[in-house]
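Now for the letters of each chain:
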Amino acid sequence: LYERLGGQAGIEAITEGMLARSAEDPRIRDDFAEADIVNLYERLVEHLCALTGGPCTYGGRDMRAAHAGLGLTEADFNALVENLVDAMTQRGVPITAQNELLAILAPMRGEVIRQ
């Protein structure tokens, strides 16, 4: 999957695209207002690389700890996923690879949104 997403350069571009869209998305831009975007970008690239079979090791916090206290909702999560899909589509990632990544990320939903 790592290679089908475009390797390191592809994952970096997808992550950048998703974050740029999210920063401009009126539904969730406030969620990113106080975030350390550089660190967030680096951790997301690292995590996606590791999750998709790339050579990276994720050194960030687990999803529950990383999102604790943020009050994220299902709508927030869905908006971010839409921005991720848009970023992958713009990069020309095949639908099968997109769906494979989404299937890997979907189980994290319960750790990200407010319980």
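Refer to the structure printed above.
Report on the accompanying structure. Within every chain, residues take consecutive numbers counted from 1 along the sequence as written. Under the rules for a predicted model, residues below a pLDDT of 70 receive no local features and side-chain atom pairs below 80 are neither given nor counted, while totals for whole chains, interfaces and linings still include all residues. As a convention, hydrogens and water are excluded, and side-chain values are obtained from all of the structure's heavy atoms.

As for helix 2 (residues 37–51)
Turning to step 1, where the next piece is worked out: In DSSP terms, a helix is any run of H or I states spanning at least four residues, a strand is any run of E spanning at least two, and both are numbered starting from the N terminus. By this rule the span expected of a helix is its residue count minus one, scaled by 1.5 Å. In a regular helix each residue adds 1.5 Å, so 15 residues correspond to 21 Å; helix 2 covers 20 Å between its end C-alpha atoms and thus fits that length.
Turning to step 2, where the next piece is worked out: Residues of helix 2 that are buried: Val45, Glu46, His47, Leu48 and Cys49.
Turning to step 3, where the next piece is worked out: Looking at the buried side of helix 2, the elements it contacts are helix 1 (7–24), helix 3 (63–67) and helix 5 (95–105). Exposed residues in this analysis have more than 50% of their type's maximum accessible area, buried residues have under 20%, and partly exposed residues fall in between, with area computed by a 1.4 Å probe over protein chains only. What makes two residues a contact is simply this: any of their non-hydrogen atoms within 4.5 Å.

So, the nonpolar core
Turning to step 1, where the next piece is worked out: Take the buried residues of types Ala, Val, Leu, Ile, Met, Phe, Trp, Tyr and Cys, join any two whose side-chain atoms come within 4.5 Å, and each joined set is a nonpolar core. Leu5, Ile11, Ile14, Leu84, Met88 and Leu101 are the most contacted members of the largest nonpolar core, which totals 26 residues.
Turning to step 2, where the next piece is worked out: Among the secondary structure elements, those contributing two or more residues to this core are helix 1, helix 2, helix 4 (74–90) and helix 5.
Turning to step 3, where the next piece is worked out: Residue contributions to this core peak at 5 residues, all from helix 4.
Turning to step 4, where the next piece is worked out: If we ignore the near neighbours within four places in the chain, the residues touching Leu5 are Gly10, Ile11, Ile14, Thr52, Met88, Val93, Ala97 and Leu101.

Regarding the state of the cysteines
Turning to step 1, where the next piece is worked out: Defined by distance alone, a disulfide is two cysteine sulfur atoms within 2.5 Å. Scanning the entire structure with this criterion turns up 1 disulfide.
Turning to step 2, where the next piece is worked out: A sulfur-sulfur separation of 2.1 Å characterises the disulfide bridge that pairs Cys49 with Cys56. Measuring the twist about the S-S bond at about 85°, one finds the Cys49-Cys56 disulfide to be right-handed.
Turning to step 3, where the next piece is worked out: Look at Cys49 and you get buried, because its relative accessible area is 0%.
Turning to step 4, where the next piece is worked out: When its relative accessible area of 23% is taken as the criterion, Cys56 is described as partly exposed.

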